[in-house]
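# Structural features, examined
One-letter residues, chain by chain:
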Amino acid sequence: MELKYENITKNYRRKIALDNFNATLNEGIYALLGPNGAGKSTLMNITATLLKPTAGSVLFDGTDIFKLGGEYRNILGYLPQDPGFYPTFSGLQIMKYFAELKNVNSPQNRIDQLLEFVNLKDDCNRKYKEYSGGMKRRLGIAVSLLNDPKILRQYRTKLVD
Ligand SMILES: Nc1ncnc2c1ncn2[C@@H]1O[C@H](COP(=O)(O)OP(=O)(O)OP(=O)(O)O)[C@@H](O)[C@H]1O
Ligand SMILES: [Mg+2]
């Protein structure tokens with residue numbers, strides 16, 4: 001599995017957010033570090049196909065991710081900086097909603113397994129807006145893992161064990 005960034009440039013009008021970024025990621029854990037405004041979220045939004053680069057391309061195993069489309073998004077787990085979950089939904093309702101959107105097989109099993117994994121089983125019927133910051137992040141991780149994404153394989157290995 002290889003994710004290759006080739007000469008990624010992103011301009012927001014005259015603002016250059018990313019300037020000719022190049023990297024090749026293989027299986028493993030990577031962290032993207034940089035000061036506020038460095039372009040991390042911009043790069044993640046491009047990686048998730050939410051934003052098109054002004055120039056350059058991202059290749060997944062040699063094919064442009066924008067050409068792969070849904071096939072690529074099926075193997076991607078993405079937790080945005082602000083996931084925008086409905087505040088009045090419970091954690092469980094949010095999981096069910098996203099399991100439906102992601103077309104997850106036997107969603108109830110997967111949801112139970114993930115709520116256990118992020119230690120939110122006891123709080124899954126509470127409203128999202130009542131969650132603490134850490135609980136919100138844990139729910140976001142569980143949602144991003146619903147489709148068993150290849151791109152979060154380390155988590156998947158733990159879940160299967
Ligand atoms: N929608 C937008 N319109 C205009 N400029 C934007 C937009 N989004 C981001 N920018 C600008 O692009 C640059 C990169 O922003 P980005 O959000 O990618 O940074 P970041 O590394 O994620 O920062 P942070 O650590 O604060 O989350 C910043 O200068 C920001 O102001
Ligand atoms: Mg950011």
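Residues numbered from 1 in each chain as written. Chains lettered and ligands numbered in written order. Predicted model: local features only at pLDDT ≥ 70, side-chain atom pairs only at ≥ 80, totals over all residues. Heavy atoms only, no water.

## Observations concerning the pattern of salt bridges
- The tally for this structure, following the rule as stated, stands at two salt bridges.
- A salt bridge links Lys 121 to Glu 116; the shortest N-O distance between them is 3.2 Å.
- Overall, the relative accessible area of 52% leaves Glu 116 in the exposed class. (Salt bridge = Lys/Arg side-chain N within 4 Å of Asp/Glu carboxyl O. Buried < 20%, exposed > 50% of the residue type's maximum accessible area, 1.4 Å probe, protein only.)

## Re the coordination of the magnesium ion (ligand 2)
- Within the first shell, the magnesium ion (ligand 2) binds the protein through Ser 41 (OG) and Gln 81 (OE1), at distances of 2.1 to 2.2 Å. Taken together, the positions of Ser 41 in helix α1 (residues 40-47) and Gln 81 in the loop between α3 (70-73) and α4 (91-101) put the pair 40 residues apart, joining distant regions of the chain.
- Taking relative accessible area as the criterion, Ser 41 reaches 32% and is therefore assigned partly exposed.
- For Gln 81, a relative accessible area of 67% puts it in the exposed group. (Donors = N, O, S within 2.8 Å, 3.2 Å for Na, K, Ca; no water. Helix = DSSP H or I, 4+ residues; strand = E, 2+ residues; numbered from the N terminus.)

## Thoughts on the domain arrangement of the protein chain
- Taken domain by domain, the protein chain holds domain 1 (3-73) and domain 2 (91-160).
- A straight line from the C-alpha centre of domain 1 to that of domain 2 covers 25 Å. (Domains from an automatic or database assignment.)

## Description of the site of ligand 1
- Taken together, Tyr 12, Lys 15, Ala 17, Pro 35, Asn 36, Gly 37, Ala 38, Gly 39, Lys 40, Ser 41, Thr 42 and Gln 81 make up all the residues around ligand 1.
- Lys 40 is positioned with one of its side-chain polar atoms (N or O) 2.7 Å from an oxygen atom of ligand 1.
- Here an oxygen atom of ligand 1 sits 2.8 Å away from a polar atom, N or O, in the main chain of Ser 41.
- In isolation ligand 1 has 640 Å² of accessible area, and contact with the protein removes 61% of it.
- Going through the elements one at a time, β2 (15-25) and α1 are the ones with two or more residues in the shell around ligand 1.
- By residue class, the composition of the shell around ligand 1 is four nonpolar, six polar and two charged. (Near = heavy atom within 4 Å. Polar contact = N/O pair within 3.5 Å; in protein donor to acceptor, adjacent residues only side chain to side chain. Areas by Shrake-Rupley, 256 points an atom, 1.4 Å probe, with all protein chains shown as cover. Nonpolar A, V, L, I, M, F, W, Y, C, P; charged D, E, K, R; others polar.)

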